[in-house]
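Next come the chains, spelled out residue by residue.
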Amino acid sequence: MPESLLTRLFLRRLYNLWPCYWGTGVRLKYIAKDFREIRLELPLNWRTRNYVGTIFGGSMYGAVDPMYMLMLIKNLGPGYEIWDKAATIQFKKPGRSTLHARFTLDDEEIHRIREELAHAGSIDRVYAVDLTDDEGTACATVEKTIHIRRKQTRQGEKEA
């Protein structure tokens, strides 16, 4: 799906300049207009380089940290509370060049979440993303556990 003018000209720049995200050294390269796909790159440079000359693990994690939560917030809408609950990162090889990550959500996943929440108070979903080099080799895999629940109304009923 193509980027919209809003995501390309405004949102991508806004996220790239957001201080806590800018500090990781990452650059958002693509945000689908429906927030079902996001792509980013993490270059090896003075901000991301560690003592031994490879990409700092904290930059790797920080680059991918908010993405699935943001995508779910945008796709499920205001009737849901969505929070990062846990994360793990497995370093597979040193990042010696620009790393890339691609995040996706499909219609089936969004539908499955809504269906499960119709019968449960809350659910946890686990999403994995690889940070790959230019050859496609995974340098790290991050698993994010996202907690999702429907918002409560004043009378204690759940919003749709």
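The shown structure was predicted, so the numbers you read here are calculated from the model rather than taken from an experiment.

Colleague: Which parts of the structure should I look at to understand the overall build of the chain?
Modeller: Across its full length, the chain holds five helices and six strands. The secondary structure elements of the chain, listed N-terminal to C-terminal, are α-α-β-β-α-α-β-β-α-β-β. Taking 15 Å as the expected radius of gyration for a compact globule of 160 residues, we find that the chain reaches 17 Å, a close match to that expectation. Summarising its shape, the C-alpha atoms of the chain cover approximately 55 × 35 × 25 Å along the three principal directions. Once local pairs closer than 6 in sequence are excluded, the contacts in the chain between residues at least 24 apart make up 66%. For the chain, the exposed surface amounts to about 9,000 Å²; the carbon and sulfur share of it is 53%.

Colleague: Honestly, the pairing of strand β6 (residues 138–150) in this entry has me stumped. Any pointers?
Modeller: When a strand is regular, its side chains alternate between the sheet's two faces. Both strand β3 (residues 80–91) and β6 contribute to a ladder of 11 bridges, which runs antiparallel. Bridging across to β6, F91 finds its partner in A140. Bridge count for strand β5 (residues 122–132) against β6 is 11 bridges, and the pairing is antiparallel. Looking at β6, one finds that V126 is bridged to T145. Counting the residues that bridge the hairpin from β5 to β6 gives five residues, and of these G136 lies at a positive phi of roughly 90°.

Colleague: What should I look at first to understand the environment of I123 in this one?
Modeller: Within the secondary structure, I123 is located in strand β5. Residue classification places I123 among the buried positions, given a relative accessible area of 8%. As a C-alpha pair, I123 and H147 span 24 residues in sequence and 5.9 Å in three-dimensional space. The contact partners of I123, leaving out residues within four places of it in the chain, are I113, E116, L117, I146, H147 and I148.

Colleague: Help me understand the packing of aromatic side chains, please; the structure alone is not making it clear to me.
Modeller: How two aromatic rings sit relative to each other is set out by the distance from centre to centre and by the angle between their planes. Counted according to the given criterion, the structure contains two aromatic pairs. Taking the centre distance of 5.3 Å and the plane angle of 75° together, the rings of Y68 and F103 count as edge-to-face. Within this pair, whereas Y68 is found in helix α4 (residues 67–76), its partner F103 is found in strand β4 (residues 99–104), the two being separated by 35 residues in sequence. Ring plane angle 15° and centroid distance 4.7 Å describe the contact between Y68 and Y127, whose orientation is recorded as stacked. Of this pair, Y68 sits in helix α4 while Y127 sits in strand β5, placing them 59 residues apart in sequence. For Y68, a relative accessible area of 5% puts it in the buried group. Taken together, the aromatic side chains of Y68, F103 and Y127 make up a single cluster linked through ring pairs. Lying across the ring of W46, R47 places its NZ or CZ 6.0 Å from the centre. Its guanidinium or amino end placed over the ring of F35, K74 lies 5.2 Å from that ring's centre, counting from NZ or CZ.

Colleague: Explain α4 here, please?
Modeller: In an α-helix, one turn spans 3.6 residues; hence positions three or four apart end up facing the same way. Of all 10 residues making up α4, seven are buried, and the element is well covered by its neighbours. Three or more residues of α4 are buried, namely M67, Y68, L70, M71, L72, N75 and L76. Just downstream of α4 lies G77, where phi reads positive at about 95°.

Parameters at a glance
- Going along each chain's sequence as written, the residues are numbered from 1 onward.
- Predicted model: local features are reported for residues with pLDDT of at least 70 only, side-chain atom pairs are reported and counted for 80 or more only, and whole-chain, interface and lining totals are derived from all residues.
- By convention in this description, side-chain values take in all heavy atoms of the structure and omit both hydrogens and water.
- Helix and strand assignments follow DSSP, with helices taken as H or I runs no shorter than four residues and strands as E runs no shorter than two, numbered in order from the N terminus.
- In this description the radius of gyration comes from C-alpha coordinates, and the expected globular size is given by 2.2 Å times residues to the power 0.38.
- Whether two residues are in contact is decided by their heavy atoms: any pair within 4.5 Å suffices.
- Surface accessibility follows the Shrake-Rupley procedure with a 1.4 Å probe radius. Residue values consider only the protein chains on display as shielding.
- Here the rule is simple: two strands pair whenever DSSP picks up at least two bridges between them.
- Throughout this description, buried means an accessible area under 20% of the type-specific maximum (1.4 Å probe, protein chains only), exposed means over 50%, and partly exposed covers the range between.
- Only Phe, Tyr and Trp rings are paired, with Trp represented by its six-membered ring, and only when their centres lie within 6.5 Å; those with planes under 30 degrees apart are stacked, over 60 edge-to-face, the remainder tilted.
- A positively charged side chain is recorded as over a ring if its NZ (Lys) or CZ (Arg) lies within 6 Å of the ring centre. The angle to the ring normal must also be within 35 degrees.

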